[in-house]
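Chains, contacts and geometry: an overview
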Amino acid sequence: MDDGPLLRIDGLTKRYPGVTALDDLTVTVPRGRIGLVGANGAGKTTTFRLLLGLAHPTEGRVEVCGIDVAHDPIGVRSRLGYMPEHDCLPLDQTAADVVSTFGELSGLPARAARQRASDILDLVGLDEARFRPISGFSTGMRQRTKLAQALVGDPELILLDEPTAGLDPLGREEMLALVARLGTFGISVLMATHLLDDVQQVCDYVVMIDAGKLVVSGATDSLLERTGIVTVDVGPRGGELVEGLTKVGLASIAEDGLVEVTIEGDDHMDIVRDVVADLGLPLYRLSTRLTSLDEVFLRRAGSAS
Amino acid sequence: MSTVETGGHGAVYDRGYRPYDGARGRRGAATFALYKASMRRALGIRRSWRQKVAPFTLLGVVTIPAIVNVGIGYVTRDQLEDRIEIITYRDYVGVSSALLLFVALVAPDVMCPDRRQRVLPLMFARPLLGTDYVAAKVGAIGSILFAFSFIPQVVLFVGNMLVSDSALDYFSGHLDVLWKVPVSVVLLALYYAVVGVAIASLTDRRIVAGAAVIGLFLITSIASGIIVGENFEIEGGSLAALINVLILPLYLRDLVFLGHVDPDSPLTGVDNGGLFAVATYVGVLVVCIGVLLRRYRWVER
C-alpha cells in the first residue's frame, strides 16, 4: 500500500447556482481514521461527491490515495467504499445477495464476492441474519449492511456519511467500535459527521469545515487543549479534599463523585498531589481536563467568521 | 486470525478481516455484474416464487403455439400430402399480449426500485458510468426477450424437422430461417427492451411505469388505426401506420423475411414504406437511448 497522504485537496471550490458549497478548500490528510466535521450544509456531502468523482470541481483539484480524481475517477472509485447517510438498500433482497452483488460491482469475481460477502457480514455481526430480506432489518442492522457493502470490495479508503445517524446508544457504540476496528485492518476511514463526540471517540485526525471553508485540521490530540482544570478521583471522600485544597488556597468543587480543581501551572498539580497524600486519601485518578472538540469547533468557527 | 482457547473443549475463531489480493475488474466487470443481477431480478431468481410466475408463464405461453404446431405435424404426418402449418416462422416473430405484459411488468421492476430505494448512489460509487448502467439494464431485458422469442422458434424448427419425412431435407430446405429468425428476434427484443426501459426510467413507481408502457403501445396503436382506416388493403396504407410504435419492429421483420413490406400491412402501397419504417425504428431507438443516457448522466457537468 502507498504511504503517501490519503487526500491532497488543493484550492477546491464548488459553486452551484446561487450557493458556494466549497470555497478554496486546501488540506492534506494522512492515512488513518479521519473525521470530517461540520454543521449541516457545511459542505461534507459535496466533498464526498467530489472525492468519488461524481461531481466536477469548479476550481481546484483532488487526489485520493495518490490518484487525481479528475484524470481517473474510475480508478479512484475502485479504491473507495461509500456508505451514504440515507437509506439506500434494496429492501426485497437478502443482505447476502446485496453485499455479494456490490462486491461484484466493485470488480470482484462472483465466487470471491460471495465469499467476501459472507466474511464481511460475519465481521459486522450479521452472520445469522444474512439470508433474511433487508425489509425486516432494524435501523442498526441496515447501517451494518450499508457498512458491509462498502467494505466488501476491500477498499483503501471508506467514506462514511453520518454512520451513527438514527441509531440508539447501544447501536451507536457498536457502530463506532466497528469503525475503530477498520483502522486496524489497514483501511483508512473518512467519517463525515456533525457529532463531535463520535469523532473524538474514533478519529485520530480531524478536518473541520464551516460554510464550505476550512476551519482547522490536525491530529485530534493536538486540537484538544488543556482547560486549566484538574479532575481528581478520591472516591467518596471528595469533601475532605475540597476542604484541604481550600486551606492551601486552591479553588475546587466536588461534583458527581469527582473533585475539579482550578490550577495555574504544574506547581499547582504538585500541591494537589501533596494535599491528597497528607490527608491519606486514596488516589484513583488525577488528570488534566481537555477541551472537547465541540469547544474547539465553536471557538475556531466563531473566530473565522 | 486470532484464536481464543476455551478450556480444551474447543476454540472460538475471530476471523477478523482478510484483505482481497486477487484479480479485480473495472468497468467491464461492473457492467457485467449489473447485467447478471438485473437478469436474476427479471427472472425472479433468488426471489420468492411469486416473482418467478410472470417470466416462466410467459415462456410457457409463447412456446405453446410451437408445441401445438409440431404436435399437429406429428399426428398428421402419414395422412396428408401437404403439411399443415398453423404458424409460420415469420408470424411467430410477433407481438403477443404475454410479451407486452412481460415488458410492462419486468422493465419497471428492474429499473424503478434502484431510483425509489436510492440505490443508484451506491452503484455509481463503483467503477460504473451511466452508459454502463443503461447498457446493463437494456442488455438484461433484451437478452430475456430474445431468449423468450427465440427458444419457441428453436422448438418449432427442431420439432418440424423431426416430424418431417426427412430431417435433412427439411433442414436444407429452411436454411434461410437460420439467419432470418435470429436477426428478426434481435430487432424485436432490442426495440421492446429499449422502449420499456426508457419509459420505466422516467418514474420511480413501478405501477406508473407499467401503465405508461401499456398506455403508449395501446394509444399509438388506436391512433394509427383511426388515421389509416380499415380499408387499407384496398385503398392503400399510409405513413400514419408508423405512429403505431407497438408493431413498428414487425415492418423490419417483414423486410428481413420478405425483402419488402407485407402487402397485408397498413404500410402497403406507401412509396419507400420500408425505408420510412427503418428510419422510424432507428429514430425511436435514438430518442429512447437519449432519454436513458440523460436520466443516468450521473456525473454533474
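Note: the structure precedes this text.
This is a predicted model, so every value here is computed, not measured.

On to the pairing of strand S9 (residues 205–210) of chain A, then. Residue and element names in this part refer to chain A. Taking burial as the measure, the 6 residues of S9 include 5 buried ones, the bulk of the element. Looking at chain direction, strand S3 (residues 33–37) and S9 are connected through 4 bridges and run parallel. Opposite Ile-34, over in S9, you have Tyr-205 as the bridge partner. As paired strands, S9 and strand S10 (residues 213–219) are joined by 6 bridges and run antiparallel to one another. Pairing of Ile-209 across the sheet is with Leu-214, part of S10.

Over its 17 residues, helix H1 (residues 27–43) of chain B extends 24 Å from the first C-alpha to the last, a length consistent with the 24 Å expected when each residue adds 1.5 Å. Taken residue by residue, H1(B) has Ala30(B), Thr31(B), Ala33(B), Leu34(B), Ala37(B), Ser38(B), Arg40(B), Arg41(B), Ala42(B) and Leu43(B) as its buried positions. Buried residues in H1(B) make contact with helix H3 (95–105) of chain A together with helix H2 (49–75), helix H4 (97–116), helix H5 (120–124), helix H6 (130–163) and helix H9 (206–228) of chain B. Looking one or two residues past H1(B), Gly44(B) carries a phi angle of roughly 80°, positive in sign.

Note on interface size: it is often stated as the accessible area lost on association of the parts. On the chain B side, the residues contacting the 51 residues of chain A number 38 residues. Between chain A and chain B lies a buried interface of about 3,800 Å² when both sides are counted; carbon and sulfur atoms form 49% of it. It is Ile74(A), Arg77(A) and Leu105(A) that lose the most area in chain A upon contact with chain B, and together they represent 17% of the buried surface on that side. Counting across the chain A and chain B interface gives 6 salt bridges. Lys36(B) is the partner of Glu104(A) in a salt bridge, and the nearest nitrogen-oxygen pair spans 2.9 Å. Sorting the residues of the side of chain A that touches chain B by element identifies strand S1 (7–16), helix H2 (73–78), H3, helix H4 (110–123) and helix H5 (139–151) of chain A as the ones contributing at least two each. The residue inventory of the side of chain A that touches chain B, partitioned by class, reads 25 nonpolar, 12 polar and 14 charged.

All names here are of chain B. Under the definition given, this model contains 13 aromatic pairs over all chains. Ring centres of Phe-32 and Tyr-35 lie 6.0 Å apart, and the angle between their planes is 20°; this geometry places the pair in the stacked category. In this pair, Phe-32 and Tyr-35 both sit in helix H1, 3 residues apart, roughly one turn of the helix. A relative accessible area of 48% places Phe-32 in the partly exposed class. Judged by relative accessible area, Tyr-35 falls into the partly exposed class, the value being 22%. For the pair Tyr-89 and Phe-157, a centre-to-centre distance of 6.0 Å together with 50° between the ring planes defines the contact as tilted.

What follows is about the sheet that holds strand S2 (residues 19–29) of chain A. All names here are of chain A. The strand order across the open sheet formed by 4 strands is S2-S1-S4-S5, and the pairing between neighbours is antiparallel. Strands with a single pairing partner mark the edges of an open sheet, and in this sheet they are S2 and strand S5 (67–68). Bridge count for strand S4 (residues 59–64) against S5 is 2 bridges, and the pairing is antiparallel. The residue of S5 that forms the bridge with Glu-63 is Asp-68. The strands that helix H1 (residues 44–51) touches are S1, S2 and S4; relative to S1, the one it contacts most, it runs at about 115°.

Inspection of the entire model under this criterion finds 29 salt bridges over all chains. In this structure, the salt-bridge partner of Asp92(A) is Arg47(B), at a minimum N-O distance of 3.2 Å. Placement of Asp92(A) in the loop between strand S6 (80–83) and H3 and of Arg47(B) in the loop between H1 and H2 is noted, with the two residues assigned to different chains. Judged by relative accessible area, which is 34%, Asp92(A) ranks as partly exposed. For the salt bridge of Arg46(B) with Asp97(A), the shortest nitrogen-to-oxygen distance reads 3.2 Å. Taken as a pair, Arg46(B) in the loop between H1 and H2 and Asp97(A) in helix H3 lie in two separate chains rather than in one. What makes Arg46(B) partly exposed here is its relative accessible area of 41%. Judged by relative accessible area, Asp97(A) falls into the buried class, the value being 14%. Through salt bridges with shared partners, a single ionic network connects Asp92(A), Arg41(B), Arg47(B), Asp109(B) and Arg206(B).

Conventions we followed
- Residues numbered from 1 in each chain as written.
- Chains lettered and ligands numbered in written order.
- Predicted model: local features only at pLDDT ≥ 70, side-chain atom pairs only at ≥ 80, totals over all residues.
- Heavy atoms only, no water.
- Buried < 20%, exposed > 50% of the residue type's maximum accessible area, 1.4 Å probe, protein only.
- Helix = DSSP H or I, 4+ residues; strand = E, 2+ residues; numbered from the N terminus.
- Pairing = 2+ DSSP bridges.
- Expected span 1.5 Å × (residues − 1).
- Contact = heavy atoms within 4.5 Å.
- Buried area = accessible area lost by both parts, 1.4 Å probe.
- Salt bridge = Lys/Arg side-chain N within 4 Å of Asp/Glu carboxyl O.
- Nonpolar A, V, L, I, M, F, W, Y, C, P; charged D, E, K, R; others polar.
- Phe/Tyr/Trp six-rings, centres within 6.5 Å; stacked < 30°, edge-to-face > 60°.
- Axes fitted to C-alpha atoms, helices over the stretch in contact; angles between N-to-C directions.

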